[in-house]
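Overview (structure and organization)
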Amino acid sequence: MCKSPFMHIKMRGDLNSLSGAARTIETFLDGLNVSSKERYVVALAFEEMATNIIKYGFEDAANSEPVDVSLSYTPSVIKLTLEDAGREFNPLKCGEPETLNPVEDREIGGLGVHLVRRMADSMEYKRVDGKNILTINVKLKSGDGAEVSK
Amino acid sequence: MKMSVSESGSFFKVSLDGRLDANSAAEAEAGLFDVISKCGGLLLLDLSGLEYVSSAGLRVMLVAAKRIQQRGGKLAVHGLNGNVKEVFDISGFTAVFKIFPDEASAAAFLNA
């Protein structure tokens with residue numbers, strides 16, 4: 001193993017920084033033993049949660065304190081952690097969106113948190129010293145965490 | 001993301017390839033609206049080259065579907081790959097959109 005199993009980025013709160021961070025995460029996952037589905041879930045979890053922080057966490061995210069993004073890899077699980085000093089927001093307390101309405105009645109948006117909650121294996125949220133700390137776990141089927149298939 | 005548009009008889013076909021995410025959503029929305037304004041309301045969306053879609057991308061498809069519906073048109077989708085299919089299922093889009101197993105059946109629906 002010649003890759004570091006841990007990465008950390010400080011991300012500024014704008015869309016360009018978001019896509020830059022997404023590419024850094026992709027590069028980190030390259031070469032690790034991660035399936036296409038697991039890569040998708042990590043990328044989605046990062047995008048949805050980081051977008052929420054940028055859009056709703058700050059009055060002016062681009063000029064606020066950067067968001068700390070870290071990713072750790074073991075053969076059984078990837079842990080994605082987002083830490084921000086924005087408004088208190090616990091995504092585990094979001095309601096479920098209406099997903100069965102016909103097209104003309106559907107609310108636009110509100111799906112991101114729902115998708116991540118359904119596709120990731122678990123999420124933990126803490127509010128510590130004025131910061132939101134969100135950890136999302138994606139179990140790796142090729143690793144030791146393979147006992148449960150979703 | 002790469003978007004390609006072609007005209008096929010009575011409808012337009014749009015292929016969305018690559019990643020439809022927060023970064024490319026605005027471009028995809030503008031492109032789709034442009035096609036919808038020209039296509040008379042019949043649109044075939046080919047997602048066989050779509051590797052990744054997030055809620056920002058789903059929102060674009062929902063907005064496009066609403067606009068087509070307002071014009072009395074029809075939208076047919078085909079080519080969902082495994083991961084994209086799962087996102088459609090979880091978000092309820094599989095029930096909301098007309099999804100077909102291949103281009104021929106999608107075209108038949110638009111031409112009916």
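This section reports on the structure supplied with the text. (Residues numbered from 1 in each chain as written. Chains lettered and ligands numbered in written order. Predicted model: local features only at pLDDT ≥ 70, side-chain atom pairs only at ≥ 80, totals over all residues. Heavy atoms only, no water.)

Some thoughts on helix α3 (residues 112-119) of chain A
The condition is simple: Relative accessibility thresholds used throughout: buried, under 20% of the residue-type maximum; exposed, over 50%; partly exposed, between the two (1.4 Å probe, protein chains only). The secondary structure listing takes helices from DSSP runs of H or I that are at least 4 residues long and strands from runs of E that are at least 2 residues long, numbered from the N terminus. In this description, contact between two residues means that some pair of their heavy atoms is separated by no more than 4.5 Å.
Among the 8 residues in α3 of chain A, 6 count as buried, and that is most of the element. What α3 of chain A keeps buried is the set Gly 112, Val 113, His 114, Leu 115, Val 116 and Met 119 of chain A. Taken together, the buried residues of α3 of chain A touch α2 (36-57), β4 (122-128) and β5 (131-139) of chain A together with α2 (55-70) and α3 (82-91) of chain B.

Some points on helix α1 (residues 25-38) of chain B
Residues and elements named next belong to chain B. Here is the rule we go by: Here the expected span of a helix is defined as 1.5 Å times the quantity of residues minus one.
When the terminal C-alpha atoms of α1 are compared, their 20 Å separation across 14 residues agrees well with the 20 Å that a helix rising 1.5 Å per residue should span. Inspection of α1 places Ala 25, Ala 28, Glu 29, Gly 31, Leu 32, Phe 33, Val 35 and Ile 36 among the buried residues, and these make up the whole buried set. Turning to α1, the residues buried within the fold contact β1 (2-8), β2 (11-20), β3 (42-46) and α2. Two residues or fewer past α1, Gly 40 is found with a positive phi of approximately 70°.

With respect to the pattern of salt bridges
Condition: Each reported salt bridge corresponds to a side-chain nitrogen of Lys or Arg within 4 Å of a carboxyl oxygen of Asp or Glu.
Scanning all chains against the criterion turns up 15 salt bridges over all chains. The shortest N-O distance in the salt bridge between Arg 59 of chain B and Glu 29 of chain B comes to 3.0 Å. Here the residue Arg 59 of chain B occupies a position in helix α2, and Glu 29 of chain B occupies one in helix α1, the gap between them amounting to 30 residues. If you follow the salt bridges from partner to partner, you end up with Glu 26, Asp 30 and Arg 39 of chain A together with Arg 19 and Asp 21 of chain B in one network.

Section: the interface of chain A and chain B
For clarity, the threshold we go by: Counting of polar contacts relies on pairs of N or O atoms within 3.5 Å, with two restrictions inside protein: one atom must be capable of donating a hydrogen and the other of accepting it, and residues adjacent in sequence are counted only when both atoms are side-chain atoms. Residues are grouped as follows: nonpolar covers Ala, Val, Leu, Ile, Met, Phe, Trp, Tyr, Cys and Pro; charged covers Asp, Glu, Lys and Arg; every other residue, Gly included, is treated as polar.
Listed by partner, the interface residues are 25 residues for chain A and 26 residues for chain B. For the interface between chain A and chain B, the tally reads 2 salt bridges. When the shortest N-O distance is used, the salt bridge between Arg 19 of chain B and Glu 26 of chain A registers 3.7 Å. One can count 9 residue pairs in polar contact (both at pLDDT 80 or more) joining chain A with chain B. Sorting the residues of the side of chain A that touches chain B by element identifies α1 (15-29), α2 and α3 of chain A as the ones contributing at least two each. With 8 residues, α2 of chain A is the largest single contributor of residues to the side of chain A that touches chain B. Residue classes in the side of chain A that touches chain B are distributed as 10 nonpolar, 7 polar and 8 charged.

A closer look at the nonpolar core
Soluble, globular proteins show a tendency: their nonpolar side chains are buried together. Heads up, the rule is: What is meant by a nonpolar core is a set of buried Ala, Val, Leu, Ile, Met, Phe, Trp, Tyr and Cys residues, joined one to another through side-chain atoms within 4.5 Å.
One finds Phe 46 of chain A together with Leu 43 of chain B to be the most contacted residues of the largest nonpolar core, which totals 79 residues. Of all hydrophobic cores here, the second largest spans 8 residues; its members include Leu 42, Ala 76, Ala 107 and Leu 110 of chain B.

Quick word on the pairing of strand β2 (residues 67-74) of chain A
Looking along a regular strand, one sees the side chains alternate between the two faces of the sheet. Residues and elements named next belong to chain A. Test applied: One requirement defines pairing of two strands: DSSP has to find at least two bridges between them.
Counting buried residues along β2, 6 of its 8 residues qualify, which places the element largely inside the surrounding structure. Relative to β2, strand β1 (residues 6-11) runs antiparallel, the two being bridged by 6 bridges. Looking at β2, one finds that Met 11 is bridged to Val 67. The sheet contact formed by β2 and strand β3 (residues 77-84) spans 7 bridges and is antiparallel. Bridge pairing links Thr 74 to Val 77 in β3. Where β2 folds back on β3, the antiparallel hairpin that results is connected by 2 residues.

Details of the environment of Glu 103 of chain B
Residues and elements named next belong to chain B. Considering the arrangement of structural elements, one finds Glu 103 in helix α5 (residues 103-111). When the C-alpha atoms of Glu 103 and Leu 44 are compared, they prove to be 8.3 Å apart, with 59 residues separating the residues in sequence. Setting aside residues no more than four positions away along its own chain, Glu 103 makes contact with Lys 13, Leu 44, Asp 46 and His 78. Separated by 3.2 Å, the side chains of Glu 103 and Lys 13 make a polar contact.

As for the packing of α2 of chain A against α3 of chain A
Geometrically, a packed helix pair is captured by the angle between its two axes and the distance between the axes. Residues and elements named next belong to chain A. The following threshold applies: An axis is simply a line fitted to the C-alpha atoms; with a helix, the fit covers only the stretch in contact. Between two such axes, the angle follows the N-to-C directions and lies from 0 to 180 degrees. We call a crossing left-handed when the near helix sits turned anticlockwise from the far one by less than a right angle, and right-handed when that turn is clockwise.
Two numbers describe how α2 lies on α3: the axes approach to 9 Å, and their chain directions differ by 145°. α3 is crossed by α2, and the crossing has left-handed handedness. For the pair formed by α2 and α3, the contact residues are Lys 37, Tyr 40, Val 41, Leu 44, Ala 45, Glu 48, Met 49 and Asn 52 on the first element and Gly 112, Val 113, Leu 115, Val 116 and Met 119 on the second. Considering only residue class, the contact of α2 with α3 consists of 9 nonpolar, 2 polar and 2 charged.

Side note on the side chain of His 78 of chain B
You can see His 78 of chain B is positioned in strand β5 (residues 74-78). When sequence neighbours within four positions are dropped, the list of residues in contact with His 78 of chain B reads Leu 44, Leu 45, Asp 46, Leu 47, Ser 48, Phe 100, Asp 102, Glu 103 and Ala 106 of chain B.

Let's talk about the packing of aromatic side chains
Residue and element names in this part refer to chain B. The following threshold applies: What counts as a ring pair is set by centres within 6.5 Å for rings of Phe, Tyr and Trp (its six-membered ring), and what kind of pair is set by the plane angle: stacked under 30 degrees, edge-to-face over 60, tilted for all other angles. We call a charge positioned above a ring when the Lys NZ or Arg CZ atom is no farther than 6 Å from the ring centre and deviates by at most 35 degrees from the ring normal.
Counted according to the given criterion, the structure contains 5 aromatic pairs over all chains. Arranged with centres 5.1 Å apart and planes meeting at 35°, the rings of Phe 100 and Phe 109 form a pair that is tilted. Taken together, the ring pairs connect Phe 88, Phe 93 and Phe 97 into an aromatic cluster. Across the ring face of Phe 109, the terminal group of Lys 74 is positioned such that the distance to the ring centre comes to 4.7 Å.

The values are spatial; any link to function lies outside them.
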